[in-house]
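Tertiary structure, described
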Amino acid sequence: MDAAASAPPPCGPSAEQRVAEAAARLPAEPDASASGACRVALRLPDGARVQRRFLASDALQAVHDFAVVQMGAAAGGRPFELSGTAPGAPPLPSDAAQTLEAAGVANAMLAVKWL
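We now turn to the structure provided with this report. Quick caveat: nothing in here was measured; it's all calculated off a predicted structure.

Looking at the packing of aromatic side chains
The geometry of an aromatic ring pair is captured by two quantities: the separation of the ring centres and the angle between the planes. Scanning all chains against the criterion turns up two aromatic pairs. On the basis of an interplanar angle of 80° and a centroid distance of 6.0 Å, the ring pair of F54 and F66 is categorised as edge-to-face. Note that F54 is positioned in strand 2 (residues 49–55) and F66 in helix 3 (residues 60–70), a separation of twelve residues in sequence. A residue is classified by how much of its surface remains accessible, and F54, at 0% relative accessible area, is buried. With 6.5 Å between their ring centres and 85° between their planes, F80 and W114 make a pair best called edge-to-face. A residue pair is termed long-range when its members are at least 10 positions apart, and F80 in strand 3 (residues 80–84) and W114 in strand 4 (residues 108–114) qualify at 34 residues. Using a relative accessible area of 10% as the deciding quantity, one classes F80 as buried. Accessibility expressed as a relative area gives 27% for W114, which makes it partly exposed. One cation-aromatic arrangement involves R52 over F54; the distance from NZ or CZ to the ring centre is 4.7 Å.

A look at the pairing of strand 4
In terms of strand pairing, strand 1 (residues 37–43) meets strand 4 through four bridges, oriented parallel. Following the sheet pairing, V40 is matched in strand 4 by A108.

Topic: the sheet that holds strand 3
Hydrogen bonding along the main chain pairs the strands of a sheet, whether they run parallel or antiparallel. With respect to topology, four strands assemble into an open sheet ordered 2-1-4-3, the strand pairing being mixed. Every other strand in the sheet has two partners, leaving strand 2 and strand 3 as the edge strands with one partner each. On average, adjacent strands in this sheet sit at an angle of 30° to one another, irrespective of strand direction. Across five bridges, strand 3 lies against strand 4 in antiparallel orientation. Each bridged residue has a counterpart across the sheet, and for E81 the counterpart in strand 4 is K113. Helix 3 rests against strand 1, strand 2, strand 3 and strand 4 of the sheet, and its axis sits at about 145° to strand 2.

Regarding the side chain of D65
On the secondary structure map, D65 appears in helix 3. Of the residues examined, D65 reaches a relative accessible area of 1% and is grouped as buried. In this structure the side chain of D65 is engaged in a polar contact, spanning 2.8 Å, whose partner is the side chain of R25. With residues up to four places along the chain from it excluded, the contact list for D65 reads A22, R25 and L26.

The rules behind the values
- Residues numbered from 1 in each chain as written.
- Predicted model: local features only at pLDDT ≥ 70, side-chain atom pairs only at ≥ 80, totals over all residues.
- Heavy atoms only, no water.
- Phe/Tyr/Trp six-rings, centres within 6.5 Å; stacked < 30°, edge-to-face > 60°.
- Helix = DSSP H or I, 4+ residues; strand = E, 2+ residues; numbered from the N terminus.
- Buried < 20%, exposed > 50% of the residue type's maximum accessible area, 1.4 Å probe, protein only.
- Lys NZ or Arg CZ within 6 Å of the ring centre and 35° of its normal.
- Pairing = 2+ DSSP bridges.
- Axes fitted to C-alpha atoms, helices over the stretch in contact; angles between N-to-C directions.
- Contact = heavy atoms within 4.5 Å.
- Polar contact = N/O pair within 3.5 Å; in protein donor to acceptor, adjacent residues only side chain to side chain.

Right, dumping it as structure tokens:
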């Protein structure tokens, strides 16, 4: 019997399931002219930059979900954090229900960092 056949089955949802769940939780992207619309840009660990519009009243969870959708490795369960882009910037608050406006990230560039 080879080692692959004796390996235990993976625990939890697959990467594809995690991406699908994160995508399903993302709120609809508002029009640029919508009241309260803001942009959040992410600098991904590979150096790529992506951005999306959110409402300032959306929860931080939405930005986290957007990052998961953009990064396959994160969807596979690799932990990451979001922080400001300035050197030494602290991670965003861990309260996923906090709004983008309250967290001070509406119209911000954030860095995605592997843990």
